[in-house]
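Listed here are the chains, written in short residue letters.
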Amino acid sequence: MMNINQQKRILKALSKGLPICEEPYKELAESLNVDEQQLLDFIQELKDSNVISRFGMIINPESVGYHCNALVVWDIPDDEVDEIGTLLGLHEKISLCYKRPRQLPDWPYNLFTMLHGKNQQSIVAELNHIVNENDIGQYACDILFSSKTFKHSGARTFG
Amino acid sequence: MSDSKNNINLSNADIKLLNRVQKCVPLCSNPFSVIAKELNEDKSWVISRLKEFQELNVIRRFAAVKRRKKSSVSTLAAFKIPEDRINDVAHLINSYDEVSHNHLREHDYNLWFVVQDKSEEKVHALITDLSNHVDFPLLNLPILESYHSDMVIKLDPACCCSEDVDKKDHSS
């Protein structure tokens, strides 16, 4: 059993990153002074208890030509937004999917999704595909392409 | 920000590999042998290619993605700013450490930024502070429900090849 301080230390190391090598867990375990199997069990526990949502590689979309991102916003009736949000959230091309408040009259949209692509045309094509596939053409939506990035830092963690 | 000339051309095998390792890396002693077997590739190719991708910053990290902590609160906010004031306001917004993202977007509400802090009060105080300094319409759109939140970027063969291939066809 690991104590809470050990767990915190390992979680911190896991979010910072593992080496890419033949036996990455063994290498990290050695640097943390724990047993490899202990480390593997702990990661599994973190996955099972939903502390971490994913354990894998984090890529930089810009480096492979995905320069364009679009915030696609939808006006979905309140009693349907959970269903549509869940549906769109499962789509492999949608990276973020949140319900946020409308601010009428200026802002009628309550569902926010994020799409990435090489250019605007490819994102529009993907969006059309998503609309047809999910039969959601009846809802108003708007595409807000990013034209300039002033700041983009990784998610901050607190505490 | 744009470094399109430095883009890396990916083969179909590269794309399969990147899509696979984004999903998850198996929890066993030799995770990359498992992935190599699945993809019908050589283990040493998988490891050396992934290492290269990390050196080229295609892969940022091999790590655990933590679920958003309850102790952190965020909001998405947007200003409707006249063109000639965009730079000033963008720099003012950037000057706050609690702002993680700040994008110009093609819409009447054109400056979109994310504020993250430890409490709703702190986020609210920052938004109030900004709205006192910037006399343009502001939307404040905190998350009410999260249906999905993970930046897995599913790569398509059609979208990752060289520019001229890309221009030919997007319909596939």
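Quick caveat, the model's predicted, so the values are computed rather than measured. (Residues numbered from 1 in each chain as written. Chains lettered and ligands numbered in written order. Predicted model: local features only at pLDDT ≥ 70, side-chain atom pairs only at ≥ 80, totals over all residues. Heavy atoms only, no water.)

Our next topic: helix α4 (residues 86-94) of chain B. Residues Ile86, Val89, Ala90, Ile93 and Asn94 of chain B constitute the buried set of α4 of chain B. Buried residues of α4 of chain B fall within an arc of 140 degrees about the axis and therefore sit on the same side. Along its buried surface, α4 of chain B packs onto β5 (140-152) of chain A together with β2 (73-79), β3 (99-105), β4 (111-117) and α5 (120-133) of chain B. (Buried < 20%, exposed > 50% of the residue type's maximum accessible area, 1.4 Å probe, protein only. Helix = DSSP H or I, 4+ residues; strand = E, 2+ residues; numbered from the N terminus. Arc of directions from axis to C-beta. Contact = heavy atoms within 4.5 Å.)

Right, let's talk about the pairing of strand β2 (residues 68-75) of chain A for a bit. Residue and element names in this part refer to chain A. In terms of residue burial, β2 counts as a mostly covered element, since seven of its eight residues are buried. Two elements, β2 and β5, share six bridges in a ladder whose sense is antiparallel. Bridging from a neighbouring strand, Leu71 pairs with Leu144 of β5. (Pairing = 2+ DSSP bridges.)

All names here are of chain A. For the pair helix α1 (residues 4-16) and helix α3 (residues 36-48), interaxial distance at closest approach is 11 Å and the crossing angle is 80 degrees. It follows that α1 is roughly perpendicular to α3 by the angle criterion. Between α1, through Gln7, Ile10, Leu11 and Leu14, and α3, the contact on the second element is made entirely by Leu39, Phe42, Ile43 and Leu46. In terms of residue class, the contact of α1 with α3 is built from seven nonpolar, one polar and no charged. (Axes fitted to C-alpha atoms, helices over the stretch in contact; angles between N-to-C directions. Parallel < 35°, antiparallel > 145°, perpendicular 65-115°, else oblique. Nonpolar A, V, L, I, M, F, W, Y, C, P; charged D, E, K, R; others polar.)

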